[in-house]
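Below, each chain spelled out in residue letters.
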Amino acid sequence: MKKEMDIVALGELLIDFTEAGTGADGMKLFEQNPGGAPANLLTVFRLLLVPVFYVVFWRPGFLLPDRFLACLVFVTAVFTDWLDGVIARKYNASSNFGKLMDPLADKLMTIMALFCFYVSGLVDWLFLAIVILKELAMIVGGYVLLTYQIVVYSKMCGKVAACLFYLAIVMTFFTAL
């Protein structure tokens, strides 16, 4: 019985959370959208993976040889990004929360990986700075557009570029071995 009560309490907490925020023009950013819950939960999971990635990156050899666990966490984040997109499109379950937080989760994971690579000497500071500035511009721009109810959808070219960038990050793990 206690497990059922905990699940109900968690569900109520998520509903309260999704009703919380509004944008500059009063648009609800975190509206209640039961259809978008699975995709949004994957996005929250991806956000939680960012500090996990940081911890396991700096503990090479923890559970798996070298930094394979950090690589696995990164690949899991990429996979859940793809999966939440599939779920949102298949069930027409997009939400303002997902439109804002999904790209943020991707950018935070990417920046964290590049930051860890920089500190460990695998990438140059200039590369990290350029990527951070680009990602910040995209986050701020996306948020501003979203407050005006303008959503910029990704194109195939952008998805291919993101996949290649993720592949480059994964390949960087193997140069560090």
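Heads up: the structure comes first, above all this text.
Residues numbered from 1 in each chain as written. Predicted model: local features only at pLDDT ≥ 70, side-chain atom pairs only at ≥ 80, totals over all residues. Heavy atoms only, no water.

Chemist: Which residues make up helix α4 (residues 96–119), and what values go with them?
Modeler: For α4, which comprises 24 residues, the first-to-last C-alpha distance of 35 Å matches the rise-based estimate of 34 Å (1.5 Å per residue) to within 8%. In terms of burial, α4 is a largely internal element, 17 of the 24 residues being buried. (Helix = DSSP H or I, 4+ residues; strand = E, 2+ residues; numbered from the N terminus. Expected span 1.5 Å × (residues − 1). Buried < 20%, exposed > 50% of the residue type's maximum accessible area, 1.4 Å probe, protein only.)

Chemist: Any chance you could break down the environment of Ile87 for me, citing the residues and the numbers?
Modeler: With respect to the helices and strands, Ile87 occurs in helix α3 (residues 68–90). Residue class for Ile87 comes out buried when judged on its relative accessible area of 18%. For the pair Ile87 and Ala39, spaced 48 residues apart in sequence, the C-alpha separation works out to 6.1 Å. Residue contacts for Ile87: discarding those within four places in its chain leaves Pro38, Ala39 and Leu42. (Contact = heavy atoms within 4.5 Å.)

Chemist: Which residues make up helix α2 (residues 37–57), and what values go with them?
Modeler: Along its 21 residues, α2 runs 30 Å from first to last C-alpha, staying within 8% of the 30 Å computed at 1.5 Å per residue. At Val50, α2 is bent by approximately 25°, the largest bend along its length, and proline Pro51 sits one to four residues beyond. Its buried side turned inward, α2 meets α3, α4 and α6 (156–175). (Bend = angle between axes of the 7 residues up to and from the residue.)

Chemist: Help me get a handle on the nonpolar core, residues and values and all.
Modeler: Grouped together as the largest cluster of nonpolar side chains are 24 residues, with contacts concentrated most on Phe53, Phe57, Phe74, Met109, Phe117, Ile169 and Phe173. Elements with a minimum of two residues in this core: α2, α3, α4, α5 (125–147) and α6. Look past the residues within four positions of Phe117 in its chain and what remains in contact with it is Phe57, Leu122, Val123, Ile169, Thr172 and Phe173. (Core = buried A, V, L, I, M, F, W, Y, C linked by side-chain atoms within 4.5 Å.)

Chemist: Lay out unusual backbone geometry in plain terms, naming residues and giving numbers.
Modeler: Unusually for a residue other than glycine, Asp66 sits at a positive phi of about 50°. On the secondary structure map, Asp66 appears in the loop between α2 and α3. A relative accessible area of 41% means that Asp66 is categorised as partly exposed. You will see that Gln149, though not glycine, has its phi angle at about 60°, which is positive. Note that Gln149 resides in the loop between α5 and α6. Judged by relative accessible area, which is 55%, Gln149 ranks as exposed.

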